[in-house]
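Here's the letter readout for the chains.
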Amino acid sequence: MSLKRKDLVSIASLDPDEIMLILETADSFKEVSGREIKKVPALRGKTVVNFFFEPSTRTRTSFELAAKRLSADVINFSTSSSSVVKGETLLDTARNIEAMQADIIVLRHPAAGAAETLARGVKSSVINAGDGWHEHPTQALLDLFTLREKKLTFKGLRVAIVGDLAHSRVARSNIYALTKMGAEVRAVGPPTMIPAFLDRLGARVYYNMDEALRGVDVILMLRLQLERQGPALFPTIREYSRLYGLTSERLKLADSGALVMHPGPINRGVEIAPEVADGFASVILDQVTNGVAVRMAVLYLLSGAS
Ligand code: CP
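Everything numeric here is computed off the predicted structure, so don't read it as measured data. (Residues numbered from 1 in each chain as written. Predicted model: local features only at pLDDT ≥ 70, side-chain atom pairs only at ≥ 80, totals over all residues. Heavy atoms only, no water.)

For helix H8 (residues 237-244), the complete set of buried residues consists of Tyr240, Ser241 and Tyr244. Mapping the buried residues of H8 onto a view down its axis gives an arc of 95°, with all of them on the same face. Projecting away from the buried face of H8 at angles above 90 degrees are the exposed residues Arg238 and Arg242. Among the structural elements, strand E5 (158-162), strand E6 (184-188), helix H7 (209-213), strand E8 (218-221) and helix H9 (248-251) are those in contact with the buried residues of H8. (Buried < 20%, exposed > 50% of the residue type's maximum accessible area, 1.4 Å probe, protein only. Helix = DSSP H or I, 4+ residues; strand = E, 2+ residues; numbered from the N terminus. Arc of directions from axis to C-beta. Contact = heavy atoms within 4.5 Å.)

Below you can see the structure in the form of structure tokens.
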């Protein structure tokens, strides 16, 4: 079994069968992560390079664990420890890494399109671990895996994605993934944070959170990305929190069994109340756990291993 592609750069380029293949492959890798010895030899002899130009807790650690559980050799690079700080370009750096026989390069970069550029420039497989505002495909895949694990069916599933959709690669990848699988996506936030093209991606736009949450099965909260915003997009954080923060009261508007998701890192008390983040409906840490299995599946399927 393998994906018939060299790279995973976006969800937009995947078809539903490829998404299902990744989720089903992740099922068996989830079982591996529950074993006493969490290791299989599937990628023995392969080299995975994590190349992170932006801070990351979940994605970088998760890719490293995933590669190690598959028995690959793993190298971690960050901006400060690479010759990029001396002026070397991304592509030149990557070609040097490739010259050392790297099989898979996992890239996180602040520029949208960086992963696509790299994928075209090197023979190694490239996995996009988040590129600027563009996409974060493995995040959307692990979100889908978590929903499926909780026995939710994608077709007709009502999902509200709330917050700063304009700056969110997680939102974009999830809108592509959920709509491809037949879900109904509601994009919720202030007008300054909802780009005009979202309805063309198949999401229905809401500016009123209470209206948007009525009857939804899943609420996916987004982090306020203060580091990616230029001029302020709302008067104050307190105002934003009052209008778009997920509280226990607001959660009651959703379906009684609704799940709460967040890609992390969370701003407690800003976009999500602590009692909701830690409450019965939250699957935030399940998402993190599932990230390892999903990334094992992606690494395995791209490696062409059989
Ligand atoms: N969800 C996510 O991408 O988190 P990190 O920035 O910690 O990798």
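Still more ground to cover, so stick around.
The sheet built from five strands is open, its strands ordered E7-E6-E5-E8-E9 with parallel pairing. Since the sheet does not close on itself, it has two edges, and those belong to strand E7 (203-206) and strand E9 (259-261), each with one partner. With direction set aside, neighbouring strand axes in the sheet form an average angle of 20°. Taken together, the four bridges between E6 and E7 define a ladder with parallel strand orientation. Across the sheet, residue Arg186 finds its bridge partner in E7, namely Arg204. (Pairing = 2+ DSSP bridges. Axes fitted to C-alpha atoms, helices over the stretch in contact; angles between N-to-C directions.)

Moving on, we get to the site of the ligand. What surrounds the ligand is the set Ser56, Thr57, Arg58, Thr59, Arg108, His136, Gln139, Pro263 and Gly264. Take Thr59: an N or O atom from its side chain is 2.6 Å from an oxygen atom of the ligand. Within the backbone of Gly264, a nitrogen or oxygen atom sits 3.5 Å from a nitrogen atom of the ligand. A total of 250 Å² of accessible area belongs to the ligand in isolation, and the protein chains cover 92% of it. Partitioning the shell around the ligand into residue classes produces one nonpolar, six polar and two charged. (Near = heavy atom within 4 Å. Polar contact = N/O pair within 3.5 Å; in protein donor to acceptor, adjacent residues only side chain to side chain. Areas by Shrake-Rupley, 256 points an atom, 1.4 Å probe, with all protein chains shown as cover. Nonpolar A, V, L, I, M, F, W, Y, C, P; charged D, E, K, R; others polar.)

Look at helix H11 (residues 284-302): 27 Å from first C-alpha to last across 19 residues, which is about the 27 Å you get at 1.5 Å a residue. The largest bend in H11 amounts to roughly 30° and is located at Asn290. Extensive coverage of H11 is indicated by the burial of 15 of its 19 residues. Gly304 occupies a position one or two residues after H11 and carries a positive phi of about 75°. (Expected span 1.5 Å × (residues − 1). Bend = angle between axes of the 7 residues up to and from the residue.)

Bringing the packing of helix H1 (residues 16-33) against H11 into the picture now. When two helices pack together, their arrangement is given by the angle between the helix axes and by the axis-to-axis distance. Running from amino to carboxyl end, H1 crosses H11 at an angle of 120°, the nearest separation of the two axes being 7 Å. Judged by the angle between their axes, H1 and H11 are oblique. As H1 runs across H11, the sense of the crossing is right-handed. Mapping the contact onto sequence places Leu21, Ile22, Thr25, Ala26, Phe29, Lys30, Val32 and Ser33 in H1 and Thr289, Asn290, Val292, Ala293, Val294, Met296, Ala297, Val298, Tyr300 and Leu301 in H11. For the contact of H1 with H11, the class distribution of residues is 13 nonpolar, four polar and one charged. (Parallel < 35°, antiparallel > 145°, perpendicular 65-115°, else oblique. Left-handed = near helix turned anticlockwise from the far one by under 90°.)

Glancing now at the sheet that holds strand E3 (residues 104-109). Pairing is parallel across the open sheet formed by four strands, whose spatial order is E2-E1-E3-E4. The outermost strands of the open sheet, each flanked by one partner alone, are strand E2 (73-78) and strand E4 (125-131). Strand-to-strand twist in this sheet, taken as the mean axis angle between neighbours without regard to direction, amounts to 15°. Two elements, strand E1 (residues 47-52) and E3, share five bridges in a ladder whose sense is parallel. Paired with Val48 across the two strands is Ile104, which belongs to E3.

Turning to the nonpolar core, a few remarks are in order. If you look at the biggest cluster of nonpolar residues, it comprises 65 residues, and the most contacted ones within it are Phe29, Ile161, Leu165 and Leu299. When residues of this core are assigned to their parent elements, the largest contribution, 10 residues, is made by H11. One finds Met193, Tyr206, Ile219 and Ala277 within the second-largest nonpolar core, a separate group that totals 27 residues. (Core = buried A, V, L, I, M, F, W, Y, C linked by side-chain atoms within 4.5 Å.)

Within this structure, the stated rule accounts for 16 salt bridges. Across the salt bridge formed by Arg5 and Glu18, the nearest N and O atoms sit 2.9 Å from each other. Residue Arg5 is located in the segment before H1, and its partner Glu18 is located in helix H1; the two are separated by 13 residues in the primary sequence. Among the residues examined, Arg5 registers a relative accessible area of 23% and is labelled partly exposed. With a relative accessible area of 14%, Glu18 lands in the buried category. Look at the salt bridges and you will find they share partners, linking Arg60, Glu64 and Lys68 into a network. (Salt bridge = Lys/Arg side-chain N within 4 Å of Asp/Glu carboxyl O.)

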